[in-house]
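Take a look at the letters that make up each chain.
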Amino acid sequence: MRTLPLPTGGQMPVLGLGTWRMGEVSGRRAAEVAAVREAIGLGYRLIDTAEMYGEGGAETVLGQAIGEALRAGDVRRDELFIVSKVYPHNASRRGTREACERSLKRLALDAIDLYLLHWRSSHPLRETVEAMHALVADGRIAHWGVSNFDTDDMEELEGVIGGGPGCAANQVYLSLGERGPEFNLLPWLRERGMPLMAYSPIDQGALADDDGLSELAQRLGVTAAQLALAAVIARPGVVAIPKAVRSTHLQENLAAAELKLDVATLAELDRLHPPPRRKTPLAMI
């Protein structure tokens, strides 16, 4: 799996597994744990979650799956890159630490590899950043970052980081159907060597039924969803974290990371889903 360097050291795989909507229904837990186990077995090493997903349920699913995989010898802990997020209303200096400790307990881990502020909160950014710095210093997280931050938010964040470790990544909604971040946010992040983590990179599955993509994908011998996903991670500095539970989707998404799109294909994708010509508000799901 190709990786991207983090500005704070280390590497992040360009493709991972999202867990949004997992952990919401107890009757689906066994299937969801099995899906994460399968993903790890297939070679997924980046897995994204949040305390918001299922109000901790997704973290619990992930924690069980990781624990089983570690005990079975399917993977080593240092091979995994686990991402979670703090709710904005918990993002005070004290609340961030407490939320992180709850997430660690649900994940059954000693440390989270990347811990994000889920979106802007009413708590001062400086307090949240100070809490993140303390968590890094204490070894509870390896890196910290943000989610759903637009360019002006990132510029404000840059002004309050101080002497502690910098922001490692920004997770936002980016897909062929939602290319707004490409106008100025993605270039801003690239200049700083900071990966953009693209959530919903297949528009929650909608691009799988896109007629134009389907026709082009058929000519290339892939699915429309694979083409949409490959297009996102073909952009320098971008990581994608599509959610998948079905075995076929897990395998197809992983294979999409190996697709090489030539100049003609990229031009056709731009024709089908044009890049932004002006700044637009950051989309959120």
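These numbers come from a predicted model, not from an experiment. (Residues numbered from 1 in each chain as written. Predicted model: local features only at pLDDT ≥ 70, side-chain atom pairs only at ≥ 80, totals over all residues. Heavy atoms only, no water.)

A. How the structure looks around the overall build of the protein. Regarding its fold elements, the protein presents 10 helices and 10 strands. Relative to the compact-globule value of 19 Å for 285 residues, the protein shows a C-alpha radius of gyration of 18 Å, a close match. Projecting the C-alpha coordinates of the protein onto the three principal axes gives extents of approximately 55 × 45 × 30 Å. Expressed as a percentage of the 285 residues in the protein, the buried residues total 53%. For the protein, the proportion of contacts with a sequence separation of at least 24, taken over those separated by at least 6, is 77%. Surface exposure of the protein reaches about 12,100 Å², of which carbon and sulfur atoms provide 50%. Taking the average place of the 31 positive charges on the side chains of the protein and the average place of its 37 negative ones, the gap between the two points comes to 2 Å. (Helix = DSSP H or I, 4+ residues; strand = E, 2+ residues; numbered from the N terminus. Rg over C-alpha atoms; globule rule 2.2 N^0.38 Å. Buried < 20%, exposed > 50% of the residue type's maximum accessible area, 1.4 Å probe, protein only. Contact = heavy atoms within 4.5 Å. Areas by Shrake-Rupley, 256 points an atom, 1.4 Å probe, with all protein chains shown as cover. Lys, Arg positive; Asp, Glu negative; His and termini not counted. Charge placed at Lys NZ, Arg CZ, Asp CG, Glu CD.)

B. Fine view of the packing of aromatic side chains. What the rule picks out here adds up to 2 aromatic pairs. Both rings, one in Y87 and one in W119, keep their centres 6.5 Å apart while their planes meet at 85°; by these two values the pair is edge-to-face. Pair noted here: Y87 is in the loop between β5 (81–86) and α3 (93–107) and W119 is in the loop between β6 (112–117) and α4 (125–137), with a separation of 32 residues, a long-range link. For Y87, a relative accessible area of 12% gives the class buried. Judged by relative accessible area, W119 falls into the partly exposed class, the value being 30%. (Phe/Tyr/Trp six-rings, centres within 6.5 Å; stacked < 30°, edge-to-face > 60°.)

C. Main features of the pattern of salt bridges. As enumerated under the stated definition, the model contains 24 salt bridges in all. R97 is the partner of D138 in a salt bridge, and the nearest nitrogen-oxygen pair spans 2.4 Å. With D138 in the loop between α4 and β7 (141–147) and R97 in helix α3, the pair connects residues that are 41 residues apart, well separated along the chain. On the basis of relative accessible area, R97 is assigned to the partly exposed category, the value being 28%. A salt bridge links R179 to D270; the shortest N-O distance between them is 2.8 Å. One end of the pair, R179, is in the loop between β8 (170–173) and α6 (185–191); the other, D270, is in helix α10 (residues 263–272), and 91 residues separate them in sequence. Accessibility expressed as a relative area gives 6% for R179, which makes it buried. Linked by salt bridges that have partners in common, R97, E101, D138 and R140 make up one network. (Salt bridge = Lys/Arg side-chain N within 4 Å of Asp/Glu carboxyl O.)

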